[in-house]
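Take a look at the letters that make up each chain.
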Amino acid sequence: MSAYDNLTRAEAVQYFSQQLKLQLTEEELALPSLSTLQKICRAYNAEVPFSSVRFLLTPMEERVVSSLDLIKEIGMTKSGGGCYELNVFLRWLLVAVGYDVKFLLGQINGAVYNHSLLLIRLPDGKRYLVDAGALPMLNENIMCLDFEGEVSPVYQQSLWHLRLERRQVNGEPGYVVKYHVNPNTEMHWKVEIDETNYAQYIEFNLVERTIEELSAVRRACFKDAKLSPIMDRIFVFRFPRGRFTLSAGTMYVYEDENRNRVMVPTKTREEAVEQLRAHFGDFLSEEAANRAIDKYIENVGADKAFVAYIPKPVDE
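Residues numbered from 1 in each chain as written. Predicted model: local features only at pLDDT ≥ 70, side-chain atom pairs only at ≥ 80, totals over all residues. Heavy atoms only, no water.

With respect to the nonpolar core
Operational definition: To form a nonpolar core, buried Ala, Val, Leu, Ile, Met, Phe, Trp, Tyr and Cys residues must be joined to one another through side-chain atoms within 4.5 Å. Exposed residues in this analysis have more than 50% of their type's maximum accessible area, buried residues have under 20%, and partly exposed residues fall in between, with area computed by a 1.4 Å probe over protein chains only. The secondary structure listing takes helices from DSSP runs of H or I that are at least 4 residues long and strands from runs of E that are at least 2 residues long, numbered from the N terminus. The contact criterion used throughout is that any non-hydrogen atoms of two residues lie within 4.5 Å.
Tyr44, Leu90, Ile120, Trp160 and Val177 are the most contacted members of the largest nonpolar core, which has 80 residues in total. No other element matches the ten residues that helix α6 (residues 83–96) contributes to this core. Excluding residues within four positions of it along the chain, Val177 makes contact with Leu129, Leu138, Met143, Leu162, Arg163, Leu164, Ala199, Gln200, Tyr201, Ile202 and Phe204. By size, the runner-up hydrophobic cluster in this structure holds 19 residues, among which are Leu56, Ile234, Ala288 and Val300.

Okay, structure coming up:
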């Protein structure tokens, strides 16, 4: 355990049972395993939300990188953070019960390397990619980095079908994660789609990063909105029962029982506040929801705040 791992084993075990509603046996906790890791990550994504609201409601010049104490508070209270906060806290949980966990940095959709990731090595030597703040989801079926050939098997992750491809990244051995593009997964931004109808989500190499490097990247994002535009938007999601649920701006998006994406636009400020509170009111107060919707409308303009995005068919 390093100096910046901030949870004891007792705290982690209690957190699993009380906050994640996950009852692990002594046998499951005795030795790190893929099956237990999978249970922890699924439960974490179901219970602990990604949320941009904290950043949205803080003026850019006043934003500071979350302290270790604040990260612990965010995790313990399940009050919502970004990829940095969520993955640092998840690392603490895993390290506390014996997992070998390293920090990585990834590049999403051609942006700078500003996305925190976790590399898990199990006792059998196999390595796995974990990310508590990812969209597409990466934790429903954890992806093994040690596969034969250049392309991994396809993993079902909520709405998405994902695969890994080997690639040199900044001169180091690395990977790219790609997702299958279809009407359920098409994004509103333009992406390059390959001949198999897969598009790149994130690329990363295996260079271990320190928490100081991760926090430096987060600090840079606070100074330049273009590096992480999500901080000036409403973007809140989690995966209850492994199913995607998201508030994006004034729209609610969820995954139905048939794994189809359903998009529910709102038409008024009051409707937007109501939907945000309906799905994330367990950690977003009425005041915070009202302020978030007002700030979002101010940032994008009233004429654009309630424009619904309808994905085009992939073959158009």
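Here's the deal with the packing of aromatic side chains
Short version of the rule: Ring pairs are drawn from Phe, Tyr and Trp, using the six-membered ring of Trp, whenever the two centres fall within 6.5 Å, and their geometry is named by plane angle: stacked under 30 degrees, edge-to-face over 60, tilted for the rest. Any Lys NZ or Arg CZ found within 6 Å of a ring centre and within 35 degrees of that ring's normal is scored as a charge over the ring.
Taken as a whole and assessed by the stated rule, the structure comprises 13 aromatic pairs. Seen from their ring centres, Phe50 and Phe235 are 6.4 Å apart, and the 90° between their planes marks the pair as edge-to-face. Pair noted here: Phe50 is in strand β1 (residues 50–51) and Phe235 is in strand β10 (residues 235–238), with a separation of 185 residues, a long-range link. Phe50 sits in the buried class, given a relative accessible area of 8%. Relative to Phe237, the ring of Phe50 has its centre 4.8 Å away and its plane inclined at 10°; by these criteria the two rings are stacked. Of this pair, Phe50 sits in strand β1 while Phe237 sits in strand β10, placing them 187 residues apart in sequence. Grouped by ring-pair contacts, the aromatic residues Phe50, Trp160, Phe235, Phe237, Phe239 and Phe244 constitute a single cluster. For Arg91, the ring lying beneath its charged end belongs to Phe103, and the centroid distance is 5.0 Å. It is Arg163 that lies over the ring of Tyr198; its NZ or CZ is 3.9 Å from the centre.

Comments concerning the sheet that holds strand β6 (residues 155–157)
Formally: Only strands joined by at least two bridges in the DSSP assignment are considered to pair. Structural elements are reduced to axes, namely lines fitted to C-alpha atoms, with helices fitted over the stretch in contact, and the angle between N-to-C directions of any two is expressed from 0 to 180 degrees.
Read across the open sheet, the eight strands follow the order β5-β4-β3-β2-β9-β8-β7-β6; overall the sheet is antiparallel. Each edge of the sheet is formed by a strand with only one pairing partner; in this case those strands are β5 (143–144) and β6. Bridge analysis of strand β3 (residues 113–121) against strand β4 (residues 127–130) gives four bridges, and the strand direction is antiparallel. Note that in β4 the partner of Leu118 across the bridge is Val130. Relative to strand β2 (residues 100–108), helix α7 (residues 211–223) is tilted by about 30°, and along the sheet it contacts β2 and β3.

So, the pattern of salt bridges
Condition: What counts as a salt bridge is simple: a side-chain nitrogen of Lys or Arg found within 4 Å of a carboxyl oxygen of Asp or Glu.
This structure, assessed with the given rule, holds 22 salt bridges. Across the salt bridge formed by Lys72 and Glu11, the nearest N and O atoms sit 3.1 Å from each other. Taken as a pair, Lys72 in helix α5 (residues 68–77) and Glu11 in helix α1 (residues 9–18) lie far apart in primary sequence, 61 residues in all. Glu11 gets classed as partly exposed once you look at its relative accessible area, which sits at 25%. A salt bridge links Glu298 to Lys295, with the shortest nitrogen-to-oxygen separation between them at 3.3 Å. Highlighted residues: Glu298 and Lys295, both in helix α9 (residues 286–300), separated by three residues, approximately one helical turn. Judged by relative accessible area, which is 56%, Glu298 ranks as exposed. Through salt bridges with shared partners, a single network forms among Glu140, Arg243, Glu255 and Arg259.

Shape descriptors only; they carry no functional weight alone.
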